Amino acid sequence: MEIIRLQDGRELSYTVFGVRNPEPGRTIIYFHGFMSSRLEAAMLQDRALDLGIRIVAADRSGYGDSTYDPHRTPHSAVKDVEQLLEALLPPDEKVVFYGVSGGSPYAAACAALLQNRAHGLLLNVPFALIAGREEKVCVGLSKTATRMFRDVKINPIKVKITLYMASLLQRTPLRFLLLKYGGFSKVDIETQKLFKNKGGALNLAGREGNKRGLKGQFLDLQIMATHSHESLTGLLGSVTCKSVVWAGAMDCTTPAAMAHSYVEELPNAKLHLANKGGAKMAKDKSSKQTVATREYTINLHKRLHGQTFKKRAPKAVKEIKKFAQKMMSTPDVRVDVKLNKAVWSQGIRNVPNKVRIVIQRRRNEDDEDSEEMYSLVTLAEDQNTKGKGVVVLEA
């Protein structure tokens, strides 16, 4: 972590990921999402190194080690980014502004007001300012999010309690009980399970962002719920760089309607809309009936904790099947011979701690079988699990 002192005396914390000294024009300024921090960009570290890219991720004011600014808006935050660019880059070098979820309005404002610096604008599951246009951009928004944006205007104390509970979810083993009895939806519970499966990277980013309190997070909600979008609309129309927007059709936290609103207002924008995916997803029943191939890391050491020695290898095979059933939603799971041999390679007791597997969801060609789809689990060629998450080989 590094810190620069801004002209008004505040401090801005940031971290550089990827290549420290890349070629000119290969720098991305990363704007983290709501309830997160600059450490969110750590998930892009390996990819950035492969591509020779530098990612500069800064904490918004009130997050992490950045000083809280009660007057922060997407417009005023541009000045902070401008000073960061002056400290790190030559005056004529251009960058790509990359906004994720709640960081998207800030990235878009920078692309509009810092046109001499903007080489491109990327928005991933972007959240839009909703004041005065709820009927247009809140279509498909989850009940939990809708309730929070309503309460931030009429019952701020309740929202602060909810934020505090959400911060507890990132550091307590009782997170699922808090979700269940705290009024959160089933989608929120499933999403927390997904976060847990990502090696805790998102929870770590959240804990870093919350370590000095929740003022910045509450201010984010206030801005999204009450700040007029009209002031940003005029700016978006002046963006001259190429813009790309990604969104998930089943996303219920940053619904696709918000992505569409950005594409309508940005002159050179292209929308990539996935059939499923996003910050948080509603269940997509149709996806269970399509062919797919994905690569995962399964932690057998954790799944076999407390298991007797004479049952470890058979239990590991059962856990692999159970994992595949959950990931692919297919009761019929078949384990490849090579994967079975890899699990048993060191005997019944010494099962590998982690295994990299490929799960293929295939269409069942046997007319007599009651299941339309089945999953085949094979051993991945590369067994290096460090820094690897889920890889979609075929959607």
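The coordinates are above.
Conventions and cut-offs
- Residues numbered from 1 in each chain as written.
- Predicted model: local features only at pLDDT ≥ 70, side-chain atom pairs only at ≥ 80, totals over all residues.
- Heavy atoms only, no water.
- Helix = DSSP H or I, 4+ residues; strand = E, 2+ residues; numbered from the N terminus.
- Buried < 20%, exposed > 50% of the residue type's maximum accessible area, 1.4 Å probe, protein only.
- Contact = heavy atoms within 4.5 Å.
- Areas by Shrake-Rupley, 256 points an atom, 1.4 Å probe, with all protein chains shown as cover.
- 1 Å grid on protein atoms, 1.4 Å probe; cavity = no way out; pocket = protein on both sides within 12 Å on 5 of 7 lines; lining within 4 Å.
- Points joined across faces, edges and corners; volume = space filled by probe spheres on them.
- Nonpolar A, V, L, I, M, F, W, Y, C, P; charged D, E, K, R; others polar.
- Core = buried A, V, L, I, M, F, W, Y, C linked by side-chain atoms within 4.5 Å.
- Salt bridge = Lys/Arg side-chain N within 4 Å of Asp/Glu carboxyl O.
- Pairing = 2+ DSSP bridges.
- Axes fitted to C-alpha atoms, helices over the stretch in contact; angles between N-to-C directions.

A. Quick look at the overall build of the protein. Assigned secondary structure in the protein consists of 15 helices and 13 strands. Counting only residues that meet the buried cut, the protein has 49% of its 395 residues in that class. In the protein, the share of contacts with a sequence separation of at least 24, taken over all contacts with a separation of at least 6, comes to 75%. When the accessible surface of the protein is summed, it comes to about 19800 Å², and 53% of that surface belongs to carbon and sulfur atoms.

B. Quick look at empty space enclosed by the protein. With the rule as written, the count across this model stands at two cavities of 30 Å³ or more. Within this model, the largest cavity holds a volume of roughly 180 Å³. Contributing to the lining of the largest cavity are 15 residues, with Phe-31, Ala-58, Asp-59, Arg-60 and Val-81 lying nearest its centre. Of all the elements in the fold, those that place two or more residues in the lining of the largest cavity are strand S3 (27–31) and helix H2 (74–88). The dominant element in the lining of the largest cavity, judged by the number of residues it contributes, is H2, at four residues. Classifying every residue of the lining of the largest cavity gives nine nonpolar, two polar and four charged.

C. A look at the nonpolar core. In this structure, Phe-97, Leu-121 and Phe-149 are the most contacted members of the largest nonpolar core, which totals 60 residues. When residues of this core are assigned to their parent elements, the largest contribution, seven residues, is made by helix H3 (residues 104–113). Apart from residues no more than four positions distant in its own chain, Phe-149 is found in contact with Phe-127, Ile-130, Leu-141, Leu-221, Met-224 and Ala-225.

D. Region of interest: the pattern of salt bridges. Here the structure, examined in full by the defined rule, presents 18 salt bridges. The partner of Arg-10 in a salt bridge is Asp-80, with the nearest N and O atoms 2.8 Å apart. Linking Arg-10 in the loop between strand S1 (2–5) and strand S2 (11–18) with Asp-80 in helix H2, this pair joins segments that are 70 residues apart in sequence. You'll find Arg-10 and Asp-80 in the same group, each marked buried. Two residues, Arg-212 and Asp-65, come together in a salt bridge whose shortest N-O distance is 3.0 Å. A residue pair is termed long-range when its members are at least 10 positions apart, and Arg-212 in the loop between helix H9 (201–210) and helix H10 (215–226) and Asp-65 in the loop between strand S4 (54–58) and H2 qualify at 147 residues. Here the residues in one salt-bridge network are Arg-38, Asp-59, Asp-65, Glu-208, Lys-211 and Arg-212, joined through shared partners.

E. Quick look at the sheet that holds strand S5 (residues 95–100). Spatially, the eight strands line up as an open sheet ordered S1-S2-S4-S3-S5-S6-S7-S8, and their pairing is mixed. Strand pairing shows two members of the sheet lacking a second neighbour, S1 and strand S8 (269–274), which therefore form its edges. Between one strand axis and the next, the sheet turns through 20 degrees on average, direction left out of account. Two strands pair when backbone bridges link them, and strand S7 (residues 242–248) and S8 are joined in this way by six bridges, in the parallel orientation. By the bridge assignment, Gly-248 is partnered in S8 with Ala-274.

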